[in-house]
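Listed below are the residues making up each chain.
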Amino acid sequence: SQKIEQNSEALNIQEGKTATLTCNYTNYSPAYLQWYRQDPGRGPVFLLLIRENEKEKRKERLKVTFDTTLKQSLFHITASQPADSATYLCALDMSYSSASKIIFGSGTRLSIRP
Amino acid sequence: EAQVTQNPRYLITVTGKKLTVTCSQNMNHEYMSWYRQDPGLGLRQIYYSMNVEVTDKGDVPEGYKVSRKEKRNFPLILESPSPNQTSLYFCASSLSGGETQYFGPGTRLLVL
């Protein structure tokens, strides 16, 4: 069965540096891969979606890459700020015409020190 | 305001007492899902629905039921709750597959 792994349970970096989070999966590539931010006690908030035929997607200080050969996605936050501290989740979106299965990783807790 | 609402937000119940957690969205979304979130296990999909009267199992459907009689509502039913269903539950909706999922605020359930 499909498995998804976010390499670091926690990541601690200095403000201003680039945070890089990793998401690896086994078996077949999903149609889409999504990244979410979750703050304590709240529901996940969508950040970026990348399709299997896209290599890279950007939104302001965020960048996502998707390598279907390595079966890996990298999520970057440049010029990180303490307000970026949160748990970040990646999700494989296996949606196709007759199903909509979505598999989440267990998340990486990111802490940005001032 | 576009949103997904869940009720109740907190619930304490006893083993075997049937309960329903409601979920409603006001964005005219086709797709809706229920997830549970447990420490160390992340978010796991319980059931999903791709349209009215179309539902299917996710990864952990045992002990749960759902229905989708109208587009905006997707209630989660626990016919006979057990302590291992103690968890944080999220409802989510999206326009279709491969689109942004919008999550509700969560329902924290404790089954004694």
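The following refers to the structure shown.

About the thresholds
Residues numbered from 1 in each chain as written. Chains lettered and ligands numbered in written order. Predicted model: local features only at pLDDT ≥ 70, side-chain atom pairs only at ≥ 80, totals over all residues. Heavy atoms only, no water. Helix = DSSP H or I, 4+ residues; strand = E, 2+ residues; numbered from the N terminus. Buried < 20%, exposed > 50% of the residue type's maximum accessible area, 1.4 Å probe, protein only. Contact = heavy atoms within 4.5 Å. Salt bridge = Lys/Arg side-chain N within 4 Å of Asp/Glu carboxyl O. Pairing = 2+ DSSP bridges. Disulfide = S-S within 2.5 Å. Core = buried A, V, L, I, M, F, W, Y, C linked by side-chain atoms within 4.5 Å. Patch = residues over 30% accessible without salt bridge, like charges linked within 9 Å, V, L, I, M, F, W, Y side chains within 5 Å. Areas by Shrake-Rupley, 256 points an atom, 1.4 Å probe, with all protein chains shown as cover.

**Some remarks on the overall build of chain B**
At step 1: When you go through chain B residue by residue, the secondary structure sums to zero helices and eleven strands.
At step 2: Mapped in sequence order, the helices and strands of chain B form the string β-β-β-β-β-β-β-β-β-β-β.
At step 3: The buried share of chain B, reckoned over its 112 residues, is 51%.
At step 4: By sequence separation, contacts in chain B at least 24 residues apart represent 53% of the contacts at least 6 residues apart.

**Structural notes on the pattern of salt bridges**
At step 1: Under the defined criterion, the tally for this structure stands at eight salt bridges over all chains.
At step 2: Note that Glu56 of chain A and Arg58 of chain A form a salt bridge whose closest N and O atoms lie 2.9 Å from each other.
At step 3: A relative accessible area of 39% places Glu56 of chain A in the partly exposed class.
At step 4: A cluster of three or more residues bridged by salt bridges with shared partners is formed by Arg36, Asp38 and Arg44 of chain B.

**A closer look at the sheet that holds strand β8 (residues 76–78) of chain B**
All names here are of chain B.
At step 1: Strand order in the open sheet made by the four strands is β1-β3-β8-β7, with antiparallel pairing throughout. Each having just a single partner strand, β1 (4–7) and β7 (65–66) make up the two edges of the open sheet.
At step 2: In the sheet, strand β3 (residues 19–25) pairs with β8 via three bridges, with the strands oriented antiparallel. Across the sheet, Val21 pairs through a bridge with Leu76, a residue of β8.

**Details of the state of the cysteines**
At step 1: Counted by the stated rule, this structure contains two disulfides over all chains.
At step 2: Here Cys23 of chain A is linked by a disulfide to Cys90 of chain A, with a sulfur-sulfur distance of 2.0 Å. Here the disulfide of Cys23 of chain A and Cys90 of chain A is right-handed, its torsion about the S-S bond being about 70°. You can see Cys23 of chain A sitting in strand β3 (residues 19–25) and its partner Cys90 of chain A sitting in strand β9 (residues 86–93), a full 67 residues away along the chain.
At step 3: Across a sulfur-sulfur distance of 1.8 Å, Cys23 of chain B and Cys91 of chain B are joined as a disulfide pair. A torsion of -70° about the S-S bond marks the disulfide between Cys23 of chain B and Cys91 of chain B as left-handed. On the criterion of sequence distance, the pair formed by Cys23 of chain B in strand β3 and Cys91 of chain B in strand β9 (residues 87–94) is long-range, its members being 68 residues apart.

**Let's talk about the nonpolar core**
At step 1: Grouped together as the largest cluster of nonpolar side chains are 24 residues, with contacts concentrated most on Leu33, Trp35, Phe75, Ile77, Tyr88, Leu92 and Leu110 of chain A.
At step 2: Elements with a contribution of two residues or more to this core: β3, β4 (32–38), β5 (45–51), β7 (62–67), β8 (72–77), β9 and β11 (108–113) of chain A.
At step 3: Membership of the second largest hydrophobic core comes to 19 residues, among which are Cys23, Trp34, Ile46 and Tyr47 of chain B.

**Topic: the pairing of β3 of chain B**
All names here are of chain B.
At step 1: Within β3, five of the seven residues are buried, leaving the element largely enclosed by the surrounding structure.
At step 2: Pairing of β1 with β3 involves four bridges; the strand directions are antiparallel. The residue bridging Gln6 from the neighbouring strand is Cys23, located in β3.

**Re unusual backbone geometry**
At step 1: Residues Asn7 of chain B and Pro8 of chain B are joined by a peptide bond in cis, for which omega reads -5°.
At step 2: When you line up the elements, Pro8 of chain B lands in the loop between β1 and β2 (10–13).
At step 3: Even without being glycine, Glu60 of chain A reaches a positive phi, approximately 55°.
At step 4: Mapped onto the secondary structure, Glu60 of chain A falls in the loop between β6 (56–59) and β7.
At step 5: Take Glu60 of chain A: its relative accessible area is 80%, and that puts it in the exposed class.
At step 6: Positive phi values are uncommon outside glycine, yet Lys71 of chain A reaches one of about 55°.
At step 7: Here Lys71 of chain A shows up in the loop between β7 and β8.

**Quick word on a nonpolar patch on the surface**
At step 1: A grouping of Ile12, Val14, Leu110 and Leu112 of chain B is seen on the molecular surface, where their side chains present a nonpolar patch of about 380 Å² in accessible area.
At step 2: Along the chain, the position of Ile12 of chain B falls in strand β2.

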